Amino acid sequence: MTLDQLESGKCAVISAVGGEGALRARLLDMGLIPRTVIRAVRRAPMGDPIELRVRGYELTLRAQDAAKIEIVPAEEAETPITCAQCKACARGRGGD
Amino acid sequence: MVFALVGNQNCGKTTLFNQLTGSNQHVGNFPGVTVESKSGVIRGRKNDSVVDLPGIYSLRTYTQEETVTRDFILGEKPDAILNIVDATNIERNLYLSLQILSMRVPTVIALNMMDEVRGNGGSIDAEGLSRELGVPVVPISAAKNEGVDDLIAVLIRTAEKRELPKVEDFCRVGPVHRCIHSVSILIEDHAERAGVSSRFAATKLIEGDEEIAARLSLDQNEIETVEHAVLEMEREEGLDRMAALAEMRYDFIERACARTVKKPGESREHKISARIDRVLTGKYTALPIFFSVMLLVFWLTFGVVGAFLSDLLTEGIEALTDLCDNALTAYGLNPVFHSLIIRGVFAGVGSVLSFLPLIVVLFFFLSVLEDTGYMARVAFVTDRLLRKIGLSGRSIVPMLIGFGCSVPAVMATRTLSSERDRRLSVMLIPFMSCSAKLPIYSLFTMAFFPDYAPLVMLGLYLFGILVGILVARISGAFVFKGKPTPFVMELPNYRLPSPKSVLLLMWEKAKDFLKKAFTVILVASVAIWFLQTFDARLNVVEGGEGSLLALVSRFLSPIFAPLGLPDWRISTALITGFTAKETVVSTLSVLLGTTASELSGVLGALFTPVTAMSFLVFTLLYTPCVAAIATLRREFRSRFAAFGVVVFQCAIAWVCAFLVYRVALLF
């Protein structure tokens, strides 16, 4: 599954970051790296771009770019993500 | 001493810069690019200055901003780097810090927005973090001016002692660590010769950075050895080079933060932001709110405040002109010089100066929208629309301002995050019909299409946008081939703007505009005055019939003949429109020997409805006014490019007017 398919309000774990050149560099720099927990917040009124929460801040990505990021939905993650440890989620006490 | 201020976007960098320097700022551009450079003397320390480098997230060379920052640190060798970090978003901010630290330059980290962290019950152990990173860490609040004096003291001490970061190694023992280690030993001599830290060079080389590879001038053998080491690391680590290094940095940051940062639960600021965003970026509310905000800004700027101030200034200038006029008459100055001062300098510069209040007021609103964080939401909401013409949502606000006045619109493109987007937007702005063209439209539609006036007006605006979109698509494919910067943008929490930053920005824009008014615009006004005043034998002419301008216009009028506009008076009006678009109307009334109020009645002598159409299309699209061109020139950093835009716009205007004329003749 790719990040553009993640439903708003749901969490997931990044498994691979694709894309190339400037786009890929930017995605990695912004902290979208494998094993990072991420949450889809909402979509823009015209359905695109997507707002995400990652590492305690909000980030926007176009759907076509989000499609380059492979994810595993939180429910299917090998080690289940609980709200308490999830840094993506605003409710979590990330960093503790 | 010289300090470089480096940090992410939205981390309060400009606020800190303003606190450090007050109003002693010098704004310019970095050589060869349209990236703004600001430097200023630190308050109370006249030998120490700080350079505000662009907001960036990484030290790669994919964007002009990153390249500029890197070149500045490597080339200008600042005495110390002041790295500002947003404490409320510390993990991502430290990612840039780690790259800066590996450059081995004396560095101090300013932990900004500590008041917010504390206010929400969190804490950061600055001393602990300083031990983890090996550089001084000073907690501050730039907005409240807390800790800034302390920061300056630490910065100066660090630079004087040339204290290098005490930690060099940011990775755990493993394949990445081994790879960095072996590459940095391999290239050590090259790095030393190139004046780059070997560790920084090694990590960049591993990431595949070609600019660093060129800087080090490695031989084929060494390049292959590096590649071999990287391939081995990729195999062992199970990640490619870029991801492996990014992970190494974030891994270090996570461990360092786990020991020193106690994050609060959801912060108050974030709760508020999330609530506001539900409305401002909500599915049904986002666009209506955005357009209402823009309309309000326009109405206040061009209708209420700005117009009031503009009128006041115009009256002031008129009064001053009269005063000078009378004084010169009393003094008995030579009538030609008299005319130069009053009709050339005062009239020309005066008419442009009356724009000043509009610009200042508009930038007041723009900087408030930007500093609160709303502009990022606008980009988010409108990106889908702008993407179709090869731009991103960030460009919409400058484009919309273009409907008011091209000058501030072009100036507003400064906030765009990529050089390519900036240039493309600047080129498109003149197609957004500015408010100075409105008097021409209303005059002609009232005279020739009284029954369809609103429709014709709307049609003109839409036609301008349409041509602009076509130009964007075509030039996006050919001229601006460079890849668009990826639209990966942060949505910062909403914040109250700092009055100081807003005022400084207004002052800076006003200064910028005044400088233009008294240079380029002054010269252009005097040139037009010269052409209007003298005939070919340099005798003073009355009325305009035999002037040089009329001569030039007669010479140019065959060009306009295919558009159905062969009369020299039309060409004259168009040429004077170069100084300001409203002048087209006043020139026509002078040449037709009537007053402006009776003009619409006599226009029939020069135009038919069909040629009026052609004239309107031509004025819609032809060269921007001299103030706009001067701004364009400044943003493009090239006279040639600005001249190119003028020629290009005129050519497009001619072609479109020709087509409209020919098609209209068929009916």
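Definitions and limits used
Residues numbered from 1 in each chain as written. Chains lettered and ligands numbered in written order. Predicted model: local features only at pLDDT ≥ 70, side-chain atom pairs only at ≥ 80, totals over all residues. Heavy atoms only, no water. Helix = DSSP H or I, 4+ residues; strand = E, 2+ residues; numbered from the N terminus. Buried < 20%, exposed > 50% of the residue type's maximum accessible area, 1.4 Å probe, protein only. Contact = heavy atoms within 4.5 Å. Areas by Shrake-Rupley, 256 points an atom, 1.4 Å probe, with all protein chains shown as cover. Buried area = accessible area lost by both parts, 1.4 Å probe. Salt bridge = Lys/Arg side-chain N within 4 Å of Asp/Glu carboxyl O. Polar contact = N/O pair within 3.5 Å; in protein donor to acceptor, adjacent residues only side chain to side chain. pLDDT = per-residue confidence, 0-100. Domains from an automatic or database assignment. Expected span 1.5 Å × (residues − 1). Phe/Tyr/Trp six-rings, centres within 6.5 Å; stacked < 30°, edge-to-face > 60°.

## Topic: the overall build of chain A
Helix and strand counts for chain A come out as two helices and five strands. Counting from the amino terminus, chain A carries its helices and strands in the arrangement β-α-β-β-β-α-β. When the 96 residues of chain A are sorted by exposure, 60% land in the buried category. Partitioning the intrachain contacts of chain A with sequence separation of at least 6 by distance along the chain shows that 59% fall at a separation of at least 24. Accessible surface for chain A amounts to roughly 3,800 Å². Of this, 48% is attributable to carbon and sulfur atoms.

## Structural notes on the interface of chain B and chain A
Many analyses report the size of an interface as the accessible area lost when the parts associate. Contact with chain B, which involves 47 residues of that partner, is made by 39 residues of chain A. The contact between chain B and chain A buries some 4,000 Å² in all, and 56% of this surface belongs to carbon and sulfur atoms. Run the count over chain B and chain A and you get seven salt bridges. For B:Arg60, the salt bridge goes to A:Asp29, with nearest N and O atoms at 2.7 Å. Our count for the contact surface shared by chain B and chain A stands at 19 residue pairs in polar contact (both at pLDDT 80 or more).

## Section: the confidence of the model for chain A
This prediction gives chain A a mean pLDDT of 84; 82% of its residues lie at or above 70. A low-confidence stretch, residues 90-96 of chain A (pLDDT under 50), is modelled with 17 contacts involving residues beyond four sequence positions or located in other chains.

## Focus: the domain arrangement of chain B
Residues and elements named next belong to chain B. You can read the domains of chain B as domain 1 (2-160) and domain 2 (175-237). For domain 1 versus domain 2, the separation of C-alpha centres amounts to 28 Å. Listed by partner, the interface residues are eleven residues for domain 1 and eleven residues for domain 2. Per-residue buried area on domain 1 facing domain 2 is highest for Arg70, Leu74 and Ser102; these three make up 49% of the total on that side. At the boundary of domain 1 and domain 2, one finds four salt bridges. Summed over the shared surface of domain 1 and domain 2, the result is seven residue pairs in polar contact (both at pLDDT 80 or more).

## Some words on helix H23 (residues 499-517) of chain B
A rise of 1.5 Å per residue sets the reference length of H23(B), with its 19 residues, at 27 Å; its end C-alpha atoms lie 27 Å apart and thus fit the reference within 8%. Of the residues making up H23(B), those classed as buried are B:Ser501, B:Val502, B:Leu504, B:Met506, B:Glu508, B:Lys509, B:Ala510, B:Asp512, B:Phe513, B:Lys516 and B:Ala517.

## As for the packing of aromatic side chains
The geometry of an aromatic ring pair is captured by the separation of the ring centres together with the interplanar angle, meaning the angle of the planes. All names here are of chain B. Throughout the structure, instances matching the rule amount to 16 aromatic pairs over all chains. Aromatic side chains Tyr95 and Tyr250 sit 4.8 Å apart centroid to centroid with 20 degrees between the ring planes, which places their arrangement in the stacked category. Of this pair, Tyr95 sits in helix H3 (residues 90-101) while Tyr250 is found in helix H12 (residues 241-260), placing the two residues 155 residues apart along the sequence. The exposure class of Tyr95 is buried, given its relative accessible area of 0%. You can call Tyr250 buried: its relative accessible area is 1%. Aromatic rings pair up to connect Phe444, Phe448, Phe607 and Phe615 into one cluster.

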